[in-house]
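# Remarks on the overall topology
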Amino acid sequence: MATLLVRGGRVVDPSQGIDRIDDVLVRDGFVVAIGHSGTQPVGRVDETIDAAGLIVTPGLVDMHVHLREPGREEDETIETGTRAALAGGFTSVACIPNTEPPLDTQAAVEFIHQKAARADTCNVFVVACASRNREGKELAEIGQLVEAGAVAFSDDGAPVYDAELMRRIFEYCRMFDKPFLAHEEVLELTAGGVMNEGLVSLVLGLKGMPAAGEEVMIGRDIVLADVTSGRLHVMHVSTAGGVAMIRAAKARGIRVTAEACPHHFTLTDESLRGFDSNFKMSPPLRTKADIDAIIEGIVDGTIDCIATDHAPHAIEKKMLEFDRAPFGILGLETAVGLSVTRLVEPGRIGWPRLVEAMSTLPARILGINRGTLRPGVPADITLIDPALTWRVDVHSFASKSVNSPFHGWTLQGRAVATIVAGRVKYRLGGG
Amino acid sequence: MASAAIEPETVPAQWTHRHLLDLERLTANEIRLLLDTAALFKEATGGCRRKLAVLAGTTVVTLFFENSTRTRTSFSLAARRLGADVVDFSASGSSLSKGESFIDTARNLEAMGIDAVVVRHATPGTPHLLAQHLSVGVINAGDGPHEHPTQGLLDIFSIRERLGDLTGVTVGLVGDIAHSRTARSNLWGLVKLGAKVILCGPPTLVSERWREIGVEVSHNLDAIVPRCDVLNLLRIQFERQNTRPFPSVREYAHLYAMTRERLKRAKKDLLILAPGPINRGVEVTAEVADCPQSLILDQVTNGLAVRMGVLWLTCGPRAATGGHA
């Protein structure tokens, strides 16, 4: 088959401790070598990509994406969602099972795999329901779902409310070494809430969702993960208190990992003052102190990875009264730009840590053979222009929806080429 | 007919807004202009009784997604007093149940050639959303617990009528601050005009966080009554509460109802307001509601004056800008 040479870029691969200007050689869809630039004979090359001035990373992995199919194809489909992923530099996404019907059977997992194969875009890994029909009442057929290819389990969109069931999920998943991805929320504390509880919600008269609503449940799940030796992955951490609890749990050796979303380290609840429902998501935008804590958590590794919680909603659903509009924000096509602009450019983290957070660690948490440019792995590679400044235009998004509050923002850093299994699947400008 | 001399001809140039969405984002001068305009119309209509023709040919729609009789009647009457045509559109559930969004409903009304929409809705920010999607004036007649600017203005108007300048006047807002749009509109208007505001009620209804914007928070009505020049007794909004914020109405009334006993320890000229409908016996006892210091009926008349002023500023003719050829 074909040989591809990505020449002269800054190769950043934390899985091998690599950060140097070098070439990446790909043959027949697999990484062959990271050779010292210009010094090694590579044989016949079918295609060369000049990566001078670009960051060359193992393909980015977003472990928290709502592809909406099956059931809500008016918001997003597997095809449009994965095209949005490619445009954002992601070569792999993990899709969350709160579809209609939810992904709680082997057939449903198979459906996603087939649709993804047909779309022939990026890799789609399936997160399956932890409870049957995502009802939080009894265990889903976790063993058979693992056989079908599920990489993790989650009832995201809702917490697993029954503490005994939660304990069983941790125990049972341990048998397959699969993580439980937790949406942490105490529903009595957030009932009717549409934004962060604080001075802004008080002034706007909107019902608040207190930080405690997230933190109380994080506390419960840390305790249960501890007693079961289960693997807890806390999704979309949004509060300073949550970061502190996860840091303390890690220090005690509890098997907990965590992700944060770009909007949670970029925006505060002040954004809600215009009543624009594009700023409405769950967990909600918090405060400056929470942003600072999340960034600190990313810097010191308390928060392992950056995930988008890409949650498309058709415009007619978002253009409603604020409390009727659904929770959710697009993420795939702005994640790199926001992360570079908010974290790398101000010097909070370097490129190796960013690549670790967006590729190495999500791949490791999901247990997938990605997130590395080690010879022999499928050649998923992302090329990022770290200096490119660009204007976010939702109308040019590959996603089917436009619910991004970042429309019109100027960001720095963007994926310019996305390579999946050795094939260039996306190039900025289509060239 | 009213004397032509005091009828305004055009909207003052200082008023630059097309809508009245909230008081939080208005300046002190803009609030004074609203109050002055209300006073002007109160006088021009002989105490809100006579009819003018200054808005003849203008059509105002009241678009209410929540039940209301008092506010809607007040707006309708105010518009008619100025000569405008009024169409009442009740939308509580009807158009939404057909699957039409409220923005579509409003756009349909706009296409019929109206000049302003007076909107009430249970969701905060809905008037703001309408203002973004419509080209006609939008007047907020209450958006959930957020704001009720004309109620805030009429309360302040009533106080100002009795006390003149509000600088240094101490106003206690008592009761269900959490769910009260009236509280929020009063708060902003009063603070901007230099009054001192005390919010009073149980911690489940009055957040400590209000201190962050520079107002006083108290959970003890007996402690604040002697210091207040004005008490505004807000209705308990049972319909907006998820969980009961106090054990019983009896206990609430015991702690926070304005009674004759509490009145005895107040300043002699304490003014009492209550934006209706009041729950007699809960927020205020009957003898206090009907006492000489009660402005409850003034508030109703002044509501007409304020709404005339607001409608005029929103729909009235603008002077041609000078200096252009």
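None of the values given here were measured: they were computed from a predicted structure. (Residues numbered from 1 in each chain as written. Chains lettered and ligands numbered in written order. Predicted model: local features only at pLDDT ≥ 70, side-chain atom pairs only at ≥ 80, totals over all residues.)

### Comments concerning the overall build of chain A
Within chain A, the regular secondary structure consists of 12 helices and 18 strands. A globule of 431 residues ought to have a C-alpha radius of gyration of about 22 Å, and chain A, at 21 Å, matches this closely. Each principal axis of the C-alpha atoms in chain A carries an extent, and together these give about 65 × 45 × 40 Å. (Helix = DSSP H or I, 4+ residues; strand = E, 2+ residues; numbered from the N terminus. Rg over C-alpha atoms; globule rule 2.2 N^0.38 Å.)

### Overview of the overall build of chain B
Scanning chain B from N- to C-terminus turns up 12 helices and 9 strands. The C-alpha atoms of chain B give 20 Å as radius of gyration, which agrees with the globular expectation for 325 residues (20 Å, within 12%). Along the first, second and third principal axes, the C-alpha atoms of chain B reach 65 × 50 × 35 Å.

### Details of helix α11 (residues 335-344) of chain A
All names here are of chain A. Burial of α11 is extensive: 7 of the 10 residues sit out of reach of the surface. Residues of α11 that are buried include every one of Ala335, Val336, Gly337, Leu338, Ser339, Val340 and Leu343, and no others. Taken together, the buried residues of α11 touch α9 (288-300), β15 (305-306), α12 (351-366), β16 (381-391) and β17 (410-420). (Buried ≥ 20, exposed ≤ 12 C-beta atoms within 10 Å, placed from the backbone. Contact = placed C-beta atoms within 7 Å.)

### Looking at the sheet that holds strand β4 (residues 137-143) of chain B
Across a sheet, strands are paired by hydrogen bonds formed along the backbone, either parallel or antiparallel in direction. Residue and element names in this part refer to chain B. The 4 strands lie next to each other as β2-β1-β3-β4, forming an open sheet whose pairing is parallel. Each edge of the open sheet carries a strand with a single partner, namely β2 (85-90) and β4. With direction set aside, neighbouring strand axes in the sheet form an average angle of 15°. In this sheet, β4 lies alongside strand β3 (residues 116-121) in parallel orientation, the contact comprising 5 bridges. (Pairing = 2+ DSSP bridges. Axes fitted to C-alpha atoms, helices over the stretch in contact; angles between N-to-C directions.)

### Brief notes about the sheet that holds strand β7 (residues 90-95) of chain A
Residue and element names in this part refer to chain A. Spatially, the 8 strands line up as an open sheet ordered β6-β7-β8-β9-β10-β13-β14-β15, and their pairing is parallel. The open sheet has two edge strands with one neighbour each: β6 (60-65) and β15. As paired elements, strand β13 (residues 232-234) and strand β14 (residues 256-260) share 3 bridges and run parallel to each other. Across the sheet, residue Leu232 finds its bridge partner in β14, namely Val256.

### Quick word on the pairing of β3 of chain B
Residues and elements named next belong to chain B. Among the 6 residues in β3, 6 count as buried, and that is most of the element. A two-sided burial pattern is seen for β3, the buried positions comprising Ala116, Val118 and Arg120 on one face and Val117, Val119 and His121 on the other. Inspection of the sheet shows strand β1 (residues 59-64) paired to β3 by 5 bridges, in the parallel sense. Along β3, the bridge assignment pairs Val61 with Val117. This β-α-β element, β3 to helix α5 (residues 126-133) to β4, shows right-handed connectivity. (Right-handed = clockwise from strand over helix to strand, strands pointing away.)

### Brief notes about the interface of chain A and chain B
By a frequent convention, interface size equals the accessible area lost on bringing the separate parts together. Taken together, the 15 residues of chain A in the interface contact 21 residues of chain B. Class assignment of the residues belonging to the side of chain A that touches chain B gives a composition of 10 nonpolar, 3 polar and 2 charged. (Nonpolar A, V, L, I, M, F, W, Y, C, P; charged D, E, K, R; others polar.)

### Observations regarding the domain arrangement of chain B
Residues and elements named next belong to chain B. The domain boundaries assigned to chain B delineate domain 1 (4-147 + 303-315) and domain 2 (149-300). A C-alpha centroid distance of 25 Å is found between domain 1 and domain 2. Considering only residue class, the side of domain 1 that touches domain 2 consists of 12 nonpolar, 5 polar and 6 charged. (Domains from an automatic or database assignment.)

### Quick word on unusual backbone geometry
Across the junction of Glu69 of chain A and Pro70 of chain A, the peptide omega takes the value 5°, indicating a cis bond. Take Pro70 of chain A: it is sitting in the loop between β6 and α1 (78-87). A positive phi angle, near 70°, is found at Cys48 of chain B, a position not held by glycine. Along the chain, Cys48 of chain B turns up in the loop between α1 (28-44) and β1. For Cys48 of chain B, a count of 23 C-beta atoms within 10 Å gives the class buried.

### Description of the domain arrangement of chain A
All names here are of chain A. Per the domain assignment, the segments making up chain A are domain 1 (3-56 + 379-430) and domain 2 (58-366). Placing the centre of domain 1 and that of domain 2 at their C-alpha centroids yields a distance of 25 Å. Contact with domain 1, which involves 32 residues of that partner, is made by 46 residues of domain 2. Mapped by element, the contributors of at least two residues to the side of domain 1 that touches domain 2 are β1 (3-13), β16, β17 and β18 (423-427). With 7 residues, the top contributor of residues to the side of domain 1 that touches domain 2 is β17. A per-class count over the side of domain 1 that touches domain 2 returns 17 nonpolar, 9 polar and 6 charged.

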